Amino acid sequence: MPDSETPERPPAPTDHRVPAPGGEGSGLASLRRVAVMPLARHVVVLAVVLFAALPLMHRGSMVSADEGAVLSQIWILEHRGGWGAENPAAAIDPSGEWFGIDIVESADGRYFPYAKHPLYPVLALGAFRVAGLPAVVALSTLGTLAAAVLTALLARRVRPGSDVVALWVAGLVSPLFFDGYWVIAHSLGAAGAALAVWSAIRWFEGSAAIRCWPPIVLGVVAAVMLRSEGALFAVALGVGGMAVAAATRRVRASAPAIVAVLAGGLAYVVDSRWHAAIVGGNGLKAFVIRDERSGWLAGRWSGAYATLLRPHLLAPTALGMTWFGIAIVTVVVAYLVRTRGAAVGRTVRWASLVVMIVAPATLLLRPAPVPGLLVAFPLLGAGLVLATGRWLRAPGPLALAVTGAAFVAAVLATQYAVGGSMEWGGRFFHLALPLLIPLVLDSLAEAGARLDARTARAAALGLAIPAMVLVVIAVGSTIRLQTVTADLVDTIHRVSRSTVPGDAAATGSPAGSTAAPVVVVNMEAVGRFSWRTVLDTRHLRVVDSGDLARVADRLHQAGVTQFTFASAHDHARDLGRLGGYTPAPGRTETVGVWRIYVMNAVSTAG
């Protein structure tokens, strides 16, 4: 293989595929001409598609509360002059147990929403200062594009001629597309992981070390310092490198593994010390195995289901179970093709026809995230079932397979029992997608070669159409959830600005000034969603209903006569626990399942 890689395709290998029917003037012939364009041109087109979709996919709100943690942190950096923020409701909540932003670290009376990987907030802040929130989101879009390009370059090492397909699968069909519009660093981490592996494979195949080790170090450092699972990836790449060294019996092949592990360890130390410098202390962050309340083994099963197989989140059961069924059919048909080859041609054609009819029908249902990786990305399951020993016969595919498997196993052993919560396709596994996609496409191509032309075309459509439908669902669910979140946050803010808490003296405000509004919510994520305004109000996050009576008593003691109560559930029960306050007549608003009340002290009119 050539020592240098450019976005130009290498000389085309012998093409064993069945020619598309029709003359050169037909639509299929035109499509083939597009497909054989140089990779660089496809990269440009993919970039246009991804960035053109950005205004549609991100409208100033968010899908995941984790995005709000990052945005809260950059807002504090920009407007508070440091990493930490003081508690604006300290007079009511001196211990900070109800601090408005969920899952924060605290030290010396200051609160840090996202200091565990400081590099990402610093990058996001730089983008924010250039062009606001759209630029922050564009970082993720750029990460998806970079990961897709590197996936294409990896695909060349596995199967020459598969780079264009790999580019589009990674950038548009895989969960990395969804990642491109989140303020979460999964796509950037995946790009770093792909860069490290691509450079390691070049080293395995004989490239000069001086050309390979800097990208390995850069890729590993980026993965580790942007994502918690990046540390697992560094170890996994070390395992993959040692597997290549053992298989080839070449000591030189172990060098990339050593460089990757050392770079990962150094990055972990730097990340930990940077974090400690912000929040206090000087030790390394502990990498905790998440057993939660269920015990370690039960937590592993629960997490595996949530991130690999869970079919729906915030959606009608029909949507998720239909896609779960499509994933099962895809895997079963792949197994039949692997074991019986062309003999199951009729089964493949009928199954493909059913899938091509059923998948588009799900567009009639309300769009929502599909959390399970194997459900959101059916190509992956099919490709893994069709895998053969050919992956283990060359250094490149062997490195991808072993590194990917080691990483997935490490994530399964350490992830949360609830998985990634709000996600599309098992987000903790996304660093491995650029490694797995080239292998999956190779398996699918090998299996297709065993089928007759008619069956191969049907199978291709049976995979492609559901994949594109899932893209539409991903877009629709992103837009819907961002709209709901924006409506909720805007309504709470508007209602809270209309309230008069009446306790200016108690808050230490100057004479004649207006005290910050008080907002009480019974769901933890609202503070993160309200990243622009949460610190300008006295936001109390009270997720334990039993604490509401204490909160009401504290508000009375502080002299608060009016506040906003946002309730996501158990409205009547929780209103009853806010003793001494009652909803103001005609001032309750509804957003979905939420009720936003203006609460008056019982002795206060209006």
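Since this is a predicted model, take the numbers as computed values, not measurements. (Residues numbered from 1 in each chain as written. Predicted model: local features only at pLDDT ≥ 70, side-chain atom pairs only at ≥ 80, totals over all residues. Heavy atoms only, no water.)

What is the right way to read the nonpolar core from this model?
Side chains of a nonpolar character, in soluble globular proteins, are inclined to be buried together. Of all hydrophobic cores here, the largest spans 134 residues; its most connected members are Val136, Val220, Phe233 and Phe377. Top contributing element to this core by residue count: helix H6 (residues 133-158), with 14 residues. Apart from the residues lying within four places of it in its own chain, the contact partners of Phe233 are Ala193, Ala196, Val197, Val220, Ala223, Thr403, Phe407, Leu431 and Leu435. (Core = buried A, V, L, I, M, F, W, Y, C linked by side-chain atoms within 4.5 Å. Buried < 20%, exposed > 50% of the residue type's maximum accessible area, 1.4 Å probe, protein only. Helix = DSSP H or I, 4+ residues; strand = E, 2+ residues; numbered from the N terminus. Contact = heavy atoms within 4.5 Å.)

Hey, could you run me through helix H11 (residues 230-248) in this one?
Because an α-helix completes one turn every 3.6 residues, residues spaced three or four positions apart along the sequence face the same direction. For H11, which comprises 19 residues, the first-to-last C-alpha distance of 27 Å matches the rise-based estimate of 27 Å (1.5 Å per residue) to within 8%. Regarding H11, the residues found buried are Gly230, Ala231, Leu232, Phe233, Ala234, Ala236, Leu237, Gly238, Gly240, Gly241, Val244 and Ala245. Residues of H11 that are buried sit in contact with helix H9 (186-204), helix H10 (209-226), helix H12 (255-279), helix H18 (395-414) and helix H19 (433-449). A positive backbone phi angle near 55 degrees is found at Arg249, which sits one or two residues after H11. (Expected span 1.5 Å × (residues − 1).)

What's the story with the confidence of the model for the chain in this structure? I'm lost.
As a note on interpretation, predicted positions should not be read in detail where pLDDT is low. The share of residues in the chain with pLDDT of 70 or more is 91%, and the mean pLDDT across the chain is 90. Across residues 1-26, confidence stays below pLDDT 50; counting only partners more than four residues off in sequence or on other chains, it has 45 contacts. Low pLDDT (under 50) marks residues 505-512, which in the prediction has five contacts with non-local residues, meaning those over four places away or in another chain. (pLDDT = per-residue confidence, 0-100.)

What is the right way to read the packing of aromatic side chains from this model?
Within a pair of aromatic rings, the relevant descriptors are the distance that separates the centres and the angle that separates the planes. This structure, assessed with the given rule, holds 10 aromatic pairs. Ring centres of Phe128 and Trp531 lie 6.5 Å apart, and the angle between their planes is 75 degrees; on these two criteria the pair is classed as edge-to-face. With Phe128 in helix H5 (residues 119-131) and Trp531 in the loop between helix H21 (526-529) and strand E5 (538-541), the pair connects residues that are 403 residues apart, well separated along the chain. Here Trp531 falls in the buried class, since its relative accessible area comes to 2%. Taking 6.1 Å as the distance between ring centres and 40 degrees as the angle between the ring planes, the aromatic pair formed by Tyr416 and Phe428 counts as tilted. With Tyr416 in the loop between H18 and H19 and Phe428 in the loop between H18 and H19, this residue pair connects regions lying 12 residues apart in the sequence. (Phe/Tyr/Trp six-rings, centres within 6.5 Å; stacked < 30°, edge-to-face > 60°.)

Looking at this structure, how should I read the pattern of salt bridges?
Any two side chains of opposite charge can pair, on the condition that their charged atoms come close. Within this structure, the stated rule accounts for 19 salt bridges. Here Asp536 ties to Arg80 by a salt bridge, and the two come within 4.0 Å at their closest N and O atoms. Residue Asp536 is located in the loop between H21 and E5, and its partner Arg80 is located in the loop between helix H4 (65-79) and strand E1 (85-86); the two are separated by 456 residues in the primary sequence. A residue is classified by how much of its surface remains accessible, and Asp536, at 43% relative accessible area, is partly exposed. According to the relative accessible area criterion, Arg80 is partly exposed, its value standing at 35%. The salt bridge partner of Arg159 is Glu446, with a shortest N-O separation of 2.8 Å. With Arg159 in the loop between H6 and helix H7 (163-173) and Glu446 in helix H19, the pair connects residues that are 287 residues apart, well separated along the chain. The class for Arg159 is partly exposed, based on a relative accessible area of 23%. Several salt bridges share partner residues, and in doing so they unite Arg159, Arg390, Asp442 and Glu446 into one network. (Salt bridge = Lys/Arg side-chain N within 4 Å of Asp/Glu carboxyl O.)

Help me understand the pairing of strand E6 (residues 562-567) in this model?
Strand residues, when the strand is regular, have side chains that alternate between the two faces of the sheet. Burial analysis of E6 places six of its six residues in the buried class, which makes it a mostly covered element. The alternating pattern of E6 places Gln562, Thr564 and Ala566 and Phe563, Phe565 and Ser567 on opposite faces, both of which are buried. Bridge count between E6 and strand E9 (residues 594-601): six bridges; the pairing is antiparallel. Within E9, the position partnered with Thr564 by the bridge is Val598. (Pairing = 2+ DSSP bridges.)

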